[in-house]
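Per-entry structural report
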Amino acid sequence: MRLLFCIKISEKNTSIFGCPISNRCLCAFFGLAQFTVIVISFYQHIFSYSRFKEIFHCHSNISINATAEEKFMAYDVIIFDFGLMHRILGTDECVANYLDGGYMRAMWCLEQGTSLIIMTVNLTCLQKYVWLMWPALLMESSYALGMSILTMATAPKILEAIGGLVDKHLALSLSYYLLGFLLNWFFTLIMWHYYWHIEMEYSPPPPIQTRPRVNRRSRASMSSHVAAVLRRSSKSNILLSSVPSIKKDVKINLNDIKKEEENDIPIKYRKSKHINYYCNNIGTHV
């Protein structure tokens, strides 16, 4: 798979400007970076609950002279939002607060962090167990798809903001978001190619279909049986051809049939003597 002109991704290696790098090393590097982002994002929930008694106390409408705590809670690290959504959408809170208050975000951090730990086990010592890559593949693919949906939803506002006055804050926040979005997709593609490589290497080969053995005895008996049937059929054809064909010309004369019908003697049935008695006395007997 080729990206642009400088990146080529294969099952085993990824070539960047002609320099091959193992996909296993790239998965370990990007997995560690992704795990760091998840740890920081989940720590936002811990800090928010311990300080404000809320699952995610995120307010993006902060001033320039805000404290470090306010800046830390103003950014949604998991989606690389460092003030971009507040600038282009005009929101006062993070995107997760408008969905469910941040509960789903906290569960996502736990699930994705667990899947990355399981992937690390596969990368380090248990490569032959390819199913250890399944949770990370599922979570990372869903993560990349969710980021794509968010990007497509906010694309008109991003283009509108770029078409206007672009200052340093907008340029930096947009650069952080696009960099995280592209690297996330790059990590997803590398992970899938690495999975295809270990699956092809460690999965059992498909069964080889061999040619079934032919029983020579049954084959010989079948041929002899066919020869006997053909011999009998040829003899019967010879006998039938030797018998002369007898043709009978039967002519039906309609006049003869009519004469025979006229000469037929009509049959007279004998009438019982008790019939008149029972016919005349119907209903009189008790």
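Residues numbered from 1 in each chain as written. Predicted model: local features only at pLDDT ≥ 70, side-chain atom pairs only at ≥ 80, totals over all residues. Heavy atoms only, no water.

By the naming in an unreviewed UniProt entry, the protein chain goes by G_PROTEIN_RECEP_F1_2 domain-containing protein and is assigned to Parastrongyloides trichosuri.

**Some words on the overall build of the protein chain**
Per the secondary structure count, the protein chain includes ten helices and four strands. Ordered by position in the sequence, the α and β elements of the protein chain form the string β-β-β-β-α-α-α-α-α-α-α-α-α-α. For the protein chain, the proportion of its 286 residues judged to be buried stands at 29%. For the protein chain, the share of sequence-separated contacts (at least 6 apart) that also reach a separation of at least 24 residues comes to 70%. By element, 64% of the accessible surface of the protein chain is carried by carbon and sulfur atoms, the whole surface being about 20900 Å². (Helix = DSSP H or I, 4+ residues; strand = E, 2+ residues; numbered from the N terminus. Buried < 20%, exposed > 50% of the residue type's maximum accessible area, 1.4 Å probe, protein only. Contact = heavy atoms within 4.5 Å. Areas by Shrake-Rupley, 256 points an atom, 1.4 Å probe, with all protein chains shown as cover.)

**Things to note about the pattern of salt bridges**
For the structure shown, the criterion picks out three salt bridges. Among the salt bridges present, the one from Arg105 reaches Asp76, with a minimum N-O distance of 2.7 Å. Taken together, the residues span a long stretch of sequence, with Arg105 in helix α5 (residues 103–124) and Asp76 in the loop between α2 (68–74) and α3 (84–89) at a distance of 29 residues. By the burial criterion, Arg105 is buried, and Asp76 matches it. (Salt bridge = Lys/Arg side-chain N within 4 Å of Asp/Glu carboxyl O.)

**Some details on the state of the cysteines**
Applying the stated criterion across every chain, the model contains one disulfide. A disulfide bridge connects Cys58 with Cys94, and the sulfur atoms are separated by 1.7 Å. Taken together, the residues Cys58 in the loop between α1 (23–52) and α2 and Cys94 in the loop between α3 and α4 (95–99) connect sequence positions 36 residues apart. For Cys94, a relative accessible area of 1% puts it in the buried group. (Disulfide = S-S within 2.5 Å.)

**Remarks on the packing of aromatic side chains**
The geometry of an aromatic ring pair is captured by the separation of the ring centres together with the interplanar angle, meaning the angle of the planes. As enumerated under the stated definition, the model contains twelve aromatic pairs in all. Where Phe29 meets Phe30, the ring centres are 5.4 Å apart and the plane angle is 75°; that geometry is what we call edge-to-face. Judged by its relative accessible area of 56%, Phe29 is exposed. Look at Phe30 and you get buried, because its relative accessible area is 13%. Look at Trp108 and Tyr143: their rings are 6.2 Å apart centre to centre, the planes differ by 55°, and that puts the pair in the tilted class. Placement of Trp108 in helix α5 and of Tyr143 in helix α6 (residues 134–163) is noted, with a sequence separation of 35 residues between them. Residue Trp108 is classed as partly exposed on the basis of its relative accessible area of 23%. Taken together, the aromatic side chains of Phe29, Phe30, Phe186 and Phe187 make up a single cluster linked through ring pairs. The aromatic ring of Tyr49 is capped on one face by Lys53, whose charged end is 5.8 Å from the ring centroid. (Phe/Tyr/Trp six-rings, centres within 6.5 Å; stacked < 30°, edge-to-face > 60°. Lys NZ or Arg CZ within 6 Å of the ring centre and 35° of its normal.)

**Quick word on α5**
Helix length check: α5 (22 residues) gives 32 Å between terminal C-alpha atoms against 32 Å at 1.5 Å per residue, within 8%. All of the buried residues along α5 are Arg105, Ala106, Cys109, Gln112, Gly113, Ser115, Leu116, Met119, Asn122 and Leu123. Of the surrounding secondary structure, the elements contacted by the buried residues of α5 are α1, α4, α6 and α7 (168–202). (Expected span 1.5 Å × (residues − 1).)

**Details of the UniProt feature "transmembrane region" (unreviewed entry) in the protein chain**
Under the local residue numbering, the UniProt record ascribes the feature "transmembrane region" (unreviewed entry) to residues 21–43, 129–153 and 174–196. Summarising residues 21–43: 91% helix, 9% strand, and an end-to-end C-alpha distance of 33 Å. Its end C-alpha atoms 38 Å apart, residues 129–153 is made of 80% helix and 0% strand. (UniProt positions renumbered as here; feature names shortened; annotations may be inferred.)

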